[in-house]
Amino acid sequence: MPSSTGDHVSPVPVAPAGLSHRAHRFVEVEGLRVHQPDIRRHRDVWIEHGIPAAEIDRATAFQDRWGGIALPPAPFYEGGPRILSADCPEGPPAEGWSFPAGDCRVSMAYGFMIGPDGAFGIDAYRWTPLHASTEGWVESLALAAHARRWAKTITRVTGRAVEALDLGGFEPVPEVQGVTDAWWRGEDTLIAVYRGEAVGLNAPQCLEAHVYGGLDEWGLHGG
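Residues numbered from 1 in each chain as written. Predicted model: local features only at pLDDT ≥ 70, side-chain atom pairs only at ≥ 80, totals over all residues. Heavy atoms only, no water.

(A) Structural view of the sheet that holds strand 5 (residues 120–123). Pairing in this open sheet of four strands is antiparallel, and the strands run 3-4-5-6 from one edge to the other. Every other strand in the sheet has two partners, leaving strand 3 (99–102) and strand 6 (127–131) as the edge strands with one partner each. Across the sheet, the mean angle from the axis of one strand to that of its neighbour is 45°, orientation sign disregarded. Relative to strand 4 (residues 111–114), strand 3 runs antiparallel, the two sharing three bridges. Residue pairing for strand 4: Gly 102 is matched across the bridge by Phe 112. Of the strands in this sheet, strand 3 and strand 4 are in contact with helix 3 (residues 53–66), which crosses strand 3 at around 10°. Against the sheet, helix 4 (residues 134–150) makes contact with strand 4, strand 5 and strand 6, and its axis sits at roughly 60° relative to strand 6, the strand it touches most. (Pairing = 2+ DSSP bridges. Helix = DSSP H or I, 4+ residues; strand = E, 2+ residues; numbered from the N terminus. Axes fitted to C-alpha atoms, helices over the stretch in contact; angles between N-to-C directions. Contact = heavy atoms within 4.5 Å.)

In structure tokens form, the structure reads like this:
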């Protein structure tokens, strides 16, 4: 990965290891990388303010892996983070430390965070993990971009109608590491279910699903 110490940063991102081929292509073809300040410069001050060194190290590791990567807007959550970038870890310690995953693209009622166990989620009315890791979030973005390109039909389902979706014969898509959000793969259909805002904001009306129909084998998997 390019240095985050002030050296020139190539605008072409290098996809972190561990992604699917589809997500790897998505990051390197559709994404950009921009310079981000090295958060190591804040280490001593953060420690003086009572932030554990281990949590600073965790945020720094995220910054080294993901910092400065800008991806196309997510199909939900008002587009997602503008640029993936860590910042000062936050308590309270009794609930575990979290740190920001990147600024929102627009003013929103929540922020994107990395939770105590490494989950990628939103900090709203309550902490709500969307995916078990940042990799899962990126896999979800890549799959959405792929499905939009190949689907013959795209249907947006909202509110109570999401709960009525028949997922019989569908299997979860494992690479998205779904927690509150999840993807499902059927015979010729992919379904993305976005529960995060409904749970995090205690707002059932925000529940939403996107149904991508008419997919062939490449459309269903695509790497």
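(B) Looking closely at the packing of helix 3 against helix 4. Closest axis-to-axis distance for the helix 3/helix 4 pair is 12 Å, and the angle between their directions is 30°. By the angle between their axes, helix 3 is roughly parallel relative to helix 4. Read as a crossing pair, helix 3 and helix 4 show a hand that is right-handed. Mapping the contact onto sequence places Phe 62, Arg 65 and Trp 66 in helix 3 and Thr 134, Glu 135 and Val 138 in helix 4. For the contact of helix 3 with helix 4, a count of residues per class yields three nonpolar, one polar and two charged. (Parallel < 35°, antiparallel > 145°, perpendicular 65-115°, else oblique. Left-handed = near helix turned anticlockwise from the far one by under 90°. Nonpolar A, V, L, I, M, F, W, Y, C, P; charged D, E, K, R; others polar.)

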